[in-house]
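Coordinates in review
Chain residues, written in single-letter form:
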Amino acid sequence: MIRTCYSWIHTLTLASQYNPPRFVELIMLGMALIMLTIFTFFTSLPYLVLGLSLVVGASVSILVREAIAPTPQTRVTKLMALLLLTVSLYGFADVLKYSY
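Residues numbered from 1 in each chain as written. Predicted model: local features only at pLDDT ≥ 70, side-chain atom pairs only at ≥ 80, totals over all residues. Heavy atoms only, no water.

A look at the environment of Thr86
The test is simple: Each helix is a run of DSSP H or I of at least 4 residues and each strand a run of E of at least 2, with the numbering of both proceeding from the N terminus.
The topology assignment puts Thr86 in helix H4 (residues 74–99). Note: C-alpha distance between Thr86 and Tyr18 (68 residues apart in sequence) is 29 Å.

This is the structure we're talking about:
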């Protein structure tokens with residue numbers, strides 16, 4: 001058990017040192033997934049807003065990173081980031097529409 005935990009910690013450390021922006025984006029998307037899952041079960045509006053704002057931040061970060069330093073899969077990455085951004089902005093519009 002301890003060896004498995006050490007392996008996970010070591011992998012996360014290496015990932016954060018190898019490509020810090022991508023690691024931060026991964027953490028943001030993981031937290032967004034957790035917040036949106038909590039919203040699904042408890043339907044509390046702050047979890048939805050926080051999850052959507054994390055998705056917007058991560059997708060904008062991905063688009064900026066790809067504009068500065070393109071990777072071999074730039075087209076797919078940009079397409080997925082734009083899709084995430086579109087869906088989350090639509091979610092914000094939906095929240096604003098039905099919150100009043």
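Still to come is the rest of the account.
Details of the pattern of salt bridges
Using the following cut-off: Any Lys or Arg side-chain nitrogen found within 4 Å of a carboxyl oxygen on Asp or Glu counts as a salt bridge. Relative accessibility decides the category of a residue: with a 1.4 Å probe and only protein chains considered, values under 20% of the type maximum give buried, values over 50% give exposed, and everything between is partly exposed.
Per the stated rule, a full pass over the model turns up two salt bridges. Here Glu25 and Arg65 are joined by a salt bridge, their closest N and O atoms 2.8 Å apart. Residue Glu25 is located in helix H2 (residues 20–42), and its partner Arg65 is located in helix H3 (residues 45–68); the two are separated by 40 residues in the primary sequence. Each of the two residues, Glu25 as well as Arg65, counts as buried. The closest approach of N and O atoms between Glu66 and Arg65, which form a salt bridge, is 3.2 Å.

Considering H3
Put simply, the test is: Each helix should span, by expectation, one fewer than its residue count multiplied by 1.5 Å. Note on contacts: a residue pair qualifies if any of its non-hydrogen atoms lie within 4.5 Å across the two residues.
Under the 1.5 Å per step criterion, the end-to-end length of H3 is 35 Å for 24 residues, consistent within 8% with the ideal 34 Å. All of the buried residues in H3 are Leu48, Gly51, Leu52, Leu54, Val55, Val56, Ala58, Ser59, Ile62, Arg65 and Glu66. Residues of H3 that are buried sit in contact with H2 and H4.

Some points on unusual backbone geometry
Phi is positive for Thr43, close to 45°, though the residue is something other than glycine. Assignment of secondary structure puts Thr43 in the loop between H2 and H3. Note on Thr43: relative accessible area 59%, which makes it exposed.

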